[in-house]
Amino acid sequence: MENVRFDTKIAVLLRADLQTWQRLNVTAFLVSGLGTAQPEVIGDPYEDADATIYLPMFRQPLLVFEGSKEVLRGVHGKALARGLRTAVFTSDLFTTGNDRDNRAAVRAVGTDSLDLVGVAVYGPRNVVDKVLKGARMHP
């Protein structure tokens, strides 16, 4: 089997002080829109030996990192400055219960004042690597 090296990278950066359930929830929310915004990241549907069809998934690995609040803020700023596709999850979203309220909570705060707990970035591998400098792989 050939090892494929992708020209792009999907990465999620989580604030290191999150609880386990928060890390999982934030990661799921952050990547949920990537396939609709960047359809090329989605592979073909899966099918088992009994011909049961399953939803497609990302065609490439998703890497998860962690960092301090300051690292998150820096990565967010660099990602925006470099024009990377970015998703954010703020601490306010833990208190909302639906998409409309989530979007309103983000809209109510300026870019530099967002209390980020997670950021997802997608783009050219070398650019994403530079933006993530200072973050460490999630344990």
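The present account deals with the structure reproduced in this document. Source: prediction; values computed, not measured.

We now examine the packing of aromatic side chains. The tally for this structure, following the rule as stated, stands at three aromatic pairs. With a centroid separation of 5.2 Å and an interplanar angle of 50 degrees, the aromatic rings of Phe89 and Phe94 are classed as tilted. An aromatic cluster of at least three residues, connected via ring pairs, comprises Trp21, Phe29, Phe89 and Phe94.

A word on the pattern of salt bridges. Evaluated as defined, the whole model comprises eight salt bridges. A salt bridge links Lys69 to Asp115, with the nearest nitrogen and oxygen atoms 3.2 Å apart. Of the two residues, Lys69 sits in helix 3 (residues 69–81) while Asp115 sits in the loop between helix 4 (99–107) and strand 6 (116–124), which places them 46 residues apart along the sequence. Given a relative accessible area of 25%, Asp115 falls into the partly exposed group. Via salt bridges that share partners, Arg15, Asp17, Lys69 and Asp115 belong to a single interconnected network.

A few words now on the layout of surface pockets. The calculated volume of the largest pocket comes to roughly 520 Å³. Lining the largest pocket are 25 residues, with Phe29, Leu30, Thr86, Ala87 and Val88 sitting closest to its centre. At the level of elements, strand 1 (8–15), helix 1 (20–31), helix 2 (34–37), helix 3, strand 5 (85–90), helix 4 and strand 6 are the ones that each hand at least two residues to the lining of the largest pocket. Per element, the largest residue contribution to the lining of the largest pocket is five residues, and it comes from strand 5. Empty space within the second largest pocket amounts to approximately 150 Å³. The wall of the second largest pocket is formed by Asn3, Val4, Arg5, Phe6, Thr8, Lys9, Gln60, Pro61, Leu63 and Arg125. Residue classes in the lining of the second largest pocket are distributed as four nonpolar, three polar and three charged.

Note on strand geometry: in a regular strand, side chains alternate between the two faces of the sheet. Taken across its nine residues, strand 6 has eight buried, putting it largely inside the fold. With seven bridges joining them, strand 1 and strand 6 adopt antiparallel strand pairing. When the sheet's bridge partners are listed, Ile10 is paired in strand 6 with Tyr122. Direction of pairing for strand 5 relative to strand 6: antiparallel, over a ladder of six bridges. Considered in strand 6, the bridge of Thr90 is made with Leu116.

How each quantity is defined
Residues numbered from 1 in each chain as written. Predicted model: local features only at pLDDT ≥ 70, side-chain atom pairs only at ≥ 80, totals over all residues. Heavy atoms only, no water. Phe/Tyr/Trp six-rings, centres within 6.5 Å; stacked < 30°, edge-to-face > 60°. Salt bridge = Lys/Arg side-chain N within 4 Å of Asp/Glu carboxyl O. Helix = DSSP H or I, 4+ residues; strand = E, 2+ residues; numbered from the N terminus. Buried < 20%, exposed > 50% of the residue type's maximum accessible area, 1.4 Å probe, protein only. 1 Å grid on protein atoms, 1.4 Å probe; cavity = no way out; pocket = protein on both sides within 12 Å on 5 of 7 lines; lining within 4 Å. Points joined across faces, edges and corners; volume = space filled by probe spheres on them. Nonpolar A, V, L, I, M, F, W, Y, C, P; charged D, E, K, R; others polar. Pairing = 2+ DSSP bridges.

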